[in-house]
Amino acid sequence: MAAAAAHHDLVLVFAGEPSSLSGEAASRSDLRLPGRQEDLIRTVAATGVPFAVVLMNGRPLVTSGWIDVAPAVLEAWHLGTEAPAAIVDVLTGAAEPAGRLPMSFPRSTGQVPLYYAHENTGRPATTGGTMRQEAIDIGLVGPDNVAEKYTSKYLDLELGPQFEFGHGSGYTSFRYANARLSAGSLPLAALENGEQVEVSVDVTNAGGRDGDEVVQLYVRDLVSSVAQPVRRLAAFARRHVGVGQTITVSFRLGMEQLGFWDTETYPARFVVEPGTFGLYIGSSLHATQELAFEVV
(Lines give C-alpha, C1' and ligand atoms only; values in the text may rest on other atoms or scores of the structure.)
Protein backbone atom coordinates (compact mmCIF):
# COMPACT_ATOMS: atom_id res chain seq x y z
CA MET A 1 0.00 0.00 0.00
CA ALA A 2 2.82 2.41 0.83
CA ALA A 3 4.46 1.79 -2.54
CA ALA A 4 1.18 2.36 -4.37
CA ALA A 5 0.48 5.62 -2.51
CA ALA A 6 3.99 6.95 -3.11
CA HIS A 7 3.40 7.04 -6.88
CA HIS A 8 0.44 9.44 -6.66
CA ASP A 9 0.14 13.19 -6.16
CA LEU A 10 -2.87 12.82 -3.84
CA VAL A 11 -4.45 9.92 -1.99
CA LEU A 12 -8.03 9.65 -0.71
CA VAL A 13 -8.57 7.14 2.08
CA PHE A 14 -12.18 6.03 2.48
CA ALA A 15 -12.63 4.64 5.98
CA GLY A 16 -15.42 3.91 8.42
CA GLU A 17 -17.91 1.15 9.08
CA PRO A 18 -20.53 -0.54 6.89
CA SER A 19 -24.15 0.36 7.53
CA SER A 20 -24.77 -3.13 8.95
CA LEU A 21 -22.54 -2.21 11.90
CA SER A 22 -24.69 0.71 13.03
CA GLY A 23 -28.33 1.23 13.83
CA GLU A 24 -30.74 -1.05 15.65
CA ALA A 25 -29.24 -4.21 17.20
CA ALA A 26 -25.73 -3.10 16.16
CA SER A 27 -24.07 -1.81 19.31
CA ARG A 28 -20.28 -1.91 19.49
CA SER A 29 -18.09 -1.95 22.60
CA ASP A 30 -15.12 -0.51 20.68
CA LEU A 31 -15.74 2.65 18.62
CA ARG A 32 -12.40 2.65 16.79
CA LEU A 33 -12.27 1.95 13.06
CA PRO A 34 -12.90 -1.77 12.45
CA GLY A 35 -10.09 -3.99 11.18
CA ARG A 36 -6.73 -2.47 10.21
CA GLN A 37 -8.02 0.83 8.90
CA GLU A 38 -6.00 2.85 11.40
CA ASP A 39 -2.86 1.08 10.18
CA LEU A 40 -3.82 1.96 6.61
CA ILE A 41 -4.18 5.67 7.43
CA ARG A 42 -0.84 5.77 9.25
CA THR A 43 0.87 3.89 6.40
CA VAL A 44 -0.37 6.41 3.86
CA ALA A 45 0.65 9.29 6.14
CA ALA A 46 4.18 7.88 6.43
CA THR A 47 4.69 8.18 2.66
CA GLY A 48 4.52 11.98 2.83
CA VAL A 49 2.03 12.11 -0.04
CA PRO A 50 -0.81 14.61 0.57
CA PHE A 51 -3.99 12.79 1.50
CA ALA A 52 -7.45 13.21 2.99
CA VAL A 53 -9.68 10.81 4.89
CA VAL A 54 -13.34 10.44 3.99
CA LEU A 55 -15.15 8.98 6.99
CA MET A 56 -18.34 7.02 6.28
CA ASN A 57 -20.12 5.91 9.42
CA GLY A 58 -23.43 5.84 11.21
CA ARG A 59 -22.27 6.90 14.66
CA PRO A 60 -19.52 8.99 16.23
CA LEU A 61 -16.25 7.06 16.10
CA VAL A 62 -13.04 7.24 18.14
CA THR A 63 -10.40 8.82 15.90
CA SER A 64 -7.64 9.46 18.43
CA GLY A 65 -5.45 6.65 17.06
CA TRP A 66 -4.94 8.40 13.69
CA ILE A 67 -6.41 11.91 13.70
CA ASP A 68 -3.03 13.49 14.49
CA VAL A 69 -1.56 12.35 11.15
CA ALA A 70 -4.57 13.17 8.93
CA PRO A 71 -4.27 16.62 7.31
CA ALA A 72 -7.99 16.71 6.42
CA VAL A 73 -11.05 14.64 7.29
CA LEU A 74 -14.45 14.79 5.59
CA GLU A 75 -17.28 13.36 7.69
CA ALA A 76 -19.66 11.89 5.11
CA TRP A 77 -21.86 9.63 7.29
CA HIS A 78 -23.93 7.03 5.42
CA LEU A 79 -25.35 8.88 2.47
CA GLY A 80 -27.70 7.98 -0.38
CA THR A 81 -27.45 7.54 -4.12
CA GLU A 82 -26.07 11.05 -4.72
CA ALA A 83 -23.23 10.56 -2.23
CA PRO A 84 -20.40 10.17 -4.79
CA ALA A 85 -21.26 13.44 -6.55
CA ALA A 86 -21.65 15.31 -3.25
CA ILE A 87 -18.33 14.03 -1.91
CA VAL A 88 -16.52 14.96 -5.12
CA ASP A 89 -18.01 18.47 -5.04
CA VAL A 90 -16.85 19.04 -1.47
CA LEU A 91 -13.37 17.57 -1.98
CA THR A 92 -12.73 19.62 -5.11
CA GLY A 93 -14.05 22.83 -3.60
CA ALA A 94 -17.03 23.10 -5.94
CA ALA A 95 -19.25 23.03 -2.85
CA GLU A 96 -18.62 24.42 0.62
CA PRO A 97 -18.48 21.82 3.43
CA ALA A 98 -20.84 23.72 5.72
CA GLY A 99 -22.18 20.73 7.65
CA ARG A 100 -21.66 20.71 11.42
CA LEU A 101 -21.54 17.74 13.77
CA PRO A 102 -24.92 16.85 15.34
CA MET A 103 -23.15 14.63 17.89
CA SER A 104 -19.93 14.79 19.89
CA PHE A 105 -17.05 12.47 18.94
CA PRO A 106 -15.39 10.96 22.05
CA ARG A 107 -11.65 10.67 22.62
CA SER A 108 -12.15 7.13 23.90
CA THR A 109 -14.97 4.61 24.08
CA GLY A 110 -14.74 4.93 27.86
CA GLN A 111 -15.96 8.55 27.60
CA VAL A 112 -19.40 7.42 26.42
CA PRO A 113 -22.06 8.65 27.16
CA LEU A 114 -20.85 12.05 25.98
CA TYR A 115 -23.15 14.88 24.97
CA TYR A 116 -22.92 18.65 24.85
CA ALA A 117 -26.07 19.64 26.77
CA HIS A 118 -25.01 18.03 30.03
CA GLU A 119 -25.74 19.43 33.46
CA ASN A 120 -22.99 21.08 35.45
CA THR A 121 -21.01 19.03 37.95
CA GLY A 122 -20.23 20.02 41.51
CA ARG A 123 -16.57 20.44 40.61
CA PRO A 124 -16.18 21.21 36.88
CA ALA A 125 -12.67 20.71 35.52
CA THR A 126 -10.70 23.35 33.64
CA THR A 127 -7.90 21.07 32.40
CA GLY A 128 -7.48 17.42 31.46
CA GLY A 129 -6.21 14.80 33.83
CA THR A 130 -2.79 13.34 34.47
CA MET A 131 -1.57 9.90 35.43
CA ARG A 132 1.18 11.41 37.55
CA GLN A 133 1.02 10.23 41.16
CA GLU A 134 0.49 13.03 43.63
CA ALA A 135 0.73 13.04 47.41
CA ILE A 136 -2.29 14.82 48.85
CA ASP A 137 -2.13 15.67 52.56
CA ILE A 138 -5.79 15.48 53.56
CA GLY A 139 -4.93 16.92 56.96
CA LEU A 140 -3.64 20.13 55.35
CA VAL A 141 -5.87 20.41 52.31
CA GLY A 142 -9.05 18.89 53.70
CA PRO A 143 -11.26 16.14 52.28
CA ASP A 144 -13.65 18.64 50.71
CA ASN A 145 -11.07 20.70 48.85
CA VAL A 146 -11.80 21.96 45.35
CA ALA A 147 -8.28 21.67 43.99
CA GLU A 148 -7.91 20.47 40.40
CA LYS A 149 -7.12 16.98 41.67
CA TYR A 150 -10.76 16.46 42.63
CA THR A 151 -12.52 17.97 39.64
CA SER A 152 -14.71 15.94 37.28
CA LYS A 153 -12.52 14.52 34.52
CA TYR A 154 -10.71 11.44 33.26
CA LEU A 155 -7.13 11.10 34.49
CA ASP A 156 -5.91 9.67 31.18
CA LEU A 157 -7.69 12.01 28.74
CA GLU A 158 -7.65 15.62 27.73
CA LEU A 159 -10.69 17.62 28.74
CA GLY A 160 -13.79 17.35 26.57
CA PRO A 161 -14.57 15.36 23.41
CA GLN A 162 -12.29 14.91 20.39
CA PHE A 163 -14.80 16.88 18.31
CA GLU A 164 -17.68 18.62 19.99
CA PHE A 165 -21.30 19.07 18.96
CA GLY A 166 -21.47 21.79 16.30
CA HIS A 167 -17.85 21.34 15.18
CA GLY A 168 -16.94 21.84 11.55
CA SER A 169 -15.02 24.03 9.14
CA GLY A 170 -14.82 24.90 5.47
CA TYR A 171 -12.40 26.43 2.99
CA THR A 172 -12.39 29.92 4.47
CA SER A 173 -12.40 31.54 7.91
CA PHE A 174 -14.82 33.85 9.68
CA ARG A 175 -14.53 36.54 12.30
CA TYR A 176 -17.26 37.47 14.80
CA ALA A 177 -17.72 40.90 16.37
CA ASN A 178 -20.19 43.33 17.88
CA ALA A 179 -22.62 40.89 19.49
CA ARG A 180 -25.60 42.84 20.83
CA LEU A 181 -29.13 42.63 22.20
CA SER A 182 -32.18 44.65 21.31
CA ALA A 183 -32.85 44.84 25.05
CA GLY A 184 -30.77 43.87 28.05
CA SER A 185 -33.81 42.66 29.95
CA LEU A 186 -37.51 41.91 29.59
CA PRO A 187 -40.25 41.49 32.20
CA LEU A 188 -41.42 37.91 32.63
CA ALA A 189 -44.97 39.00 31.84
CA ALA A 190 -43.82 40.41 28.49
CA LEU A 191 -42.20 37.09 27.54
CA GLU A 192 -45.34 35.22 28.52
CA ASN A 193 -47.29 37.55 26.25
CA GLY A 194 -45.10 36.68 23.28
CA GLU A 195 -42.44 39.40 23.31
CA GLN A 196 -38.92 38.42 22.24
CA VAL A 197 -35.40 39.79 22.41
CA GLU A 198 -33.26 40.01 19.28
CA VAL A 199 -29.65 38.79 19.38
CA SER A 200 -27.38 40.02 16.58
CA VAL A 201 -23.74 39.57 15.61
CA ASP A 202 -21.55 40.73 12.73
CA VAL A 203 -19.85 37.95 10.74
CA THR A 204 -16.93 38.74 8.43
CA ASN A 205 -15.40 36.42 5.86
CA ALA A 206 -11.72 36.84 6.70
CA GLY A 207 -10.47 34.16 4.30
CA GLY A 208 -9.57 34.02 0.64
CA ARG A 209 -12.77 32.69 -0.95
CA ASP A 210 -16.52 32.91 -0.63
CA GLY A 211 -17.99 30.52 1.87
CA ASP A 212 -20.91 29.42 4.03
CA GLU A 213 -20.86 29.82 7.79
CA VAL A 214 -23.15 28.20 10.34
CA VAL A 215 -23.78 30.72 13.11
CA GLN A 216 -24.76 29.05 16.38
CA LEU A 217 -26.47 30.54 19.45
CA TYR A 218 -26.35 28.78 22.80
CA VAL A 219 -28.20 29.62 26.02
CA ARG A 220 -27.48 28.92 29.67
CA ASP A 221 -29.93 29.52 32.50
CA LEU A 222 -27.51 30.51 35.27
CA VAL A 223 -29.89 30.01 38.23
CA SER A 224 -32.92 27.76 38.03
CA SER A 225 -35.12 25.68 40.31
CA VAL A 226 -34.45 22.71 38.00
CA ALA A 227 -30.89 21.86 36.94
CA GLN A 228 -30.23 23.13 33.40
CA PRO A 229 -27.58 22.22 30.79
CA VAL A 230 -24.33 24.18 30.83
CA ARG A 231 -25.22 25.22 27.27
CA ARG A 232 -28.00 24.26 24.89
CA LEU A 233 -28.47 25.17 21.27
CA ALA A 234 -31.18 27.82 20.95
CA ALA A 235 -30.84 28.74 17.26
CA PHE A 236 -28.57 28.43 14.24
CA ALA A 237 -28.42 29.77 10.70
CA ARG A 238 -26.37 28.99 7.59
CA ARG A 239 -25.32 32.11 5.70
CA HIS A 240 -23.27 32.68 2.54
CA VAL A 241 -20.61 35.37 2.97
CA GLY A 242 -18.39 36.73 0.20
CA VAL A 243 -14.67 37.41 0.58
CA GLY A 244 -14.17 40.44 2.82
CA GLN A 245 -17.92 40.85 3.27
CA THR A 246 -19.53 41.49 6.65
CA ILE A 247 -23.11 40.47 7.30
CA THR A 248 -25.35 40.74 10.35
CA VAL A 249 -27.02 37.56 11.60
CA SER A 250 -29.92 37.91 14.02
CA PHE A 251 -31.96 35.51 16.13
CA ARG A 252 -35.05 36.06 18.25
CA LEU A 253 -35.32 34.55 21.72
CA GLY A 254 -38.55 34.10 23.63
CA MET A 255 -40.30 31.67 25.91
CA GLU A 256 -39.53 28.65 23.73
CA GLN A 257 -35.76 29.23 23.81
CA LEU A 258 -35.45 30.36 27.45
CA GLY A 259 -37.90 28.09 29.23
CA PHE A 260 -38.06 24.53 30.54
CA TRP A 261 -40.67 22.03 31.64
CA ASP A 262 -41.43 22.22 35.35
CA THR A 263 -42.24 18.62 36.25
CA GLU A 264 -42.84 19.42 39.91
CA THR A 265 -46.35 20.52 39.00
CA TYR A 266 -49.21 18.45 37.60
CA PRO A 267 -49.77 18.81 34.81
CA ALA A 268 -46.23 19.88 33.96
CA ARG A 269 -45.86 23.52 32.91
CA PHE A 270 -43.46 25.17 30.46
CA VAL A 271 -42.00 28.10 32.40
CA VAL A 272 -39.37 30.81 32.34
CA GLU A 273 -38.03 31.90 35.71
CA PRO A 274 -36.68 35.38 36.46
CA GLY A 275 -32.91 35.56 36.48
CA THR A 276 -29.82 35.90 34.33
CA PHE A 277 -29.21 33.97 31.11
CA GLY A 278 -25.83 33.59 29.44
CA LEU A 279 -25.93 33.87 25.64
CA TYR A 280 -23.07 32.54 23.51
CA ILE A 281 -22.90 33.18 19.78
CA GLY A 282 -20.24 32.05 17.32
CA SER A 283 -19.12 29.23 15.04
CA SER A 284 -19.08 26.49 17.67
CA LEU A 285 -20.15 25.43 21.14
CA HIS A 286 -17.28 27.53 22.55
CA ALA A 287 -18.56 30.75 21.05
CA THR A 288 -16.36 33.83 21.10
CA GLN A 289 -19.15 36.35 21.67
CA GLU A 290 -20.85 36.34 25.08
CA LEU A 291 -23.80 38.33 26.36
CA ALA A 292 -26.00 38.44 29.46
CA PHE A 293 -29.78 38.77 29.34
CA GLU A 294 -32.04 39.36 32.32
CA VAL A 295 -35.61 38.23 32.88
CA VAL A 296 -37.14 40.46 35.56
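Our subject is the structure listed above.
Residues numbered from 1 in each chain as written. Predicted model: local features only at pLDDT ≥ 70, side-chain atom pairs only at ≥ 80, totals over all residues. Heavy atoms only, no water.

### Notes on the environment of Phe-236
Next, step 1: Looking at the secondary structure, you find Phe-236 in strand β8 (residues 232-241).
Next, step 2: Residue Phe-236 is classed as exposed on the basis of its relative accessible area, which comes to 57%.
Next, step 3: Sequence spacing of Phe-236 and Leu-21 is 215 residues, and the spatial spacing of their C-alpha atoms is 31 Å.
Next, step 4: For Phe-236, the contacting residues outside a window of four places in its chain are Val-214, Val-215, Gln-216 and Phe-251. (Helix = DSSP H or I, 4+ residues; strand = E, 2+ residues; numbered from the N terminus. Buried < 20%, exposed > 50% of the residue type's maximum accessible area, 1.4 Å probe, protein only. Contact = heavy atoms within 4.5 Å.)

### Remarks on the pairing of strand β13 (residues 289-295)
Successive residues of a regular strand alternate their side chains across the two faces of the sheet.
Next, step 1: Along β13, the buried face is formed by Gln-289, Leu-291, Phe-293 and Val-295; none of Glu-290, Ala-292 and Glu-294, which line the opposite face, is buried.
Next, step 2: Across 2 bridges, the pairing between strand β5 (residues 185-186) and β13 is parallel. If you follow Ser-185 over to β13, its bridge partner there is Glu-294.
Next, step 3: Strand direction decides the pairing type here: strand β12 (residues 275-282) and β13, joined by 7 bridges, are antiparallel. Each bridged residue has a counterpart across the sheet, and for Gly-278 the counterpart in β13 is Ala-292.
Next, step 4: Here β12 folds back onto β13 in antiparallel fashion, the turn holding 6 residues. (Pairing = 2+ DSSP bridges.)

### Details of the sheet that holds strand β1 (residues 11-16)
Next, step 1: Strand order in the open sheet formed by 3 strands is β1-β2-β3, and the pairing between neighbours is parallel. The sheet is open, and its two borders are formed by β1 and β3 (73-75), each paired with just one other strand. Neighbour-to-neighbour, the strand axes of the sheet open up by a mean angle of 20°, direction not taken into account.
Next, step 2: Bridge count for strand β2 (residues 51-56) against β3 is 3 bridges, and the pairing is parallel. Among the inter-strand pairings, Val-53 is bridged to a residue of β3, identified as Val-73.
Next, step 3: Packing of helix α2 (residues 37-46) onto the sheet brings it into contact with β1 and β2, and relative to β1 it is tilted by some 165°. (Axes fitted to C-alpha atoms, helices over the stretch in contact; angles between N-to-C directions.)

### Examining unusual backbone geometry
Next, step 1: Here the amide bond leading from Val-112 into Pro-113 is cis, since omega sits at 5°, within 30 degrees of zero.
Next, step 2: Of note, Pro-113 is situated in the loop between α3 (83-92) and α4 (138-141).
Next, step 3: Cis geometry is adopted by the peptide bond preceding Pro-267, which originates at Tyr-266 and carries an omega value of -5°.
Next, step 4: Its location among the elements puts Pro-267 in the loop between β10 (260-262) and β11 (269-271).
Next, step 5: The backbone of Ala-25 shows a phi angle near 60°, a positive value even though the residue is not glycine.
Next, step 6: Topologically, Ala-25 is positioned in the loop between β1 and α2.
Next, step 7: Non-glycine residue Asn-178 carries a positive phi angle of around 60°.
Next, step 8: Summarising the element assignment, Asn-178 is placed in strand β4 (residues 174-181).
Next, step 9: Asn-178 sits in the partly exposed class, given a relative accessible area of 44%.

### What to know about the environment of Val-54
Next, step 1: Topologically, Val-54 is positioned in strand β2.
Next, step 2: Placed 151 residues apart in sequence, Val-54 and Asn-205 show a C-alpha to C-alpha distance of 26 Å.
Next, step 3: In this structure, Val-54 is in contact with Val-13, Phe-14, Ala-15, Leu-74, Ala-76, Ile-87 and Leu-91, ignoring residues within four places of it in sequence.

### A short note on a nonpolar patch on the surface
Next, step 1: A contiguous nonpolar patch, built from Leu-10, Leu-12, Phe-14 and Leu-91 and spanning about 350 Å² of accessible area, is present on the exposed surface.
Next, step 2: Tracing the backbone through its elements, the reader meets Phe-14 in strand β1.
Next, step 3: Using a relative accessible area of 45% as the deciding quantity, one classes Phe-14 as partly exposed. (Patch = residues over 30% accessible without salt bridge, like charges linked within 9 Å, V, L, I, M, F, W, Y side chains within 5 Å. Areas by Shrake-Rupley, 256 points an atom, 1.4 Å probe, with all protein chains shown as cover. Salt bridge = Lys/Arg side-chain N within 4 Å of Asp/Glu carboxyl O.)

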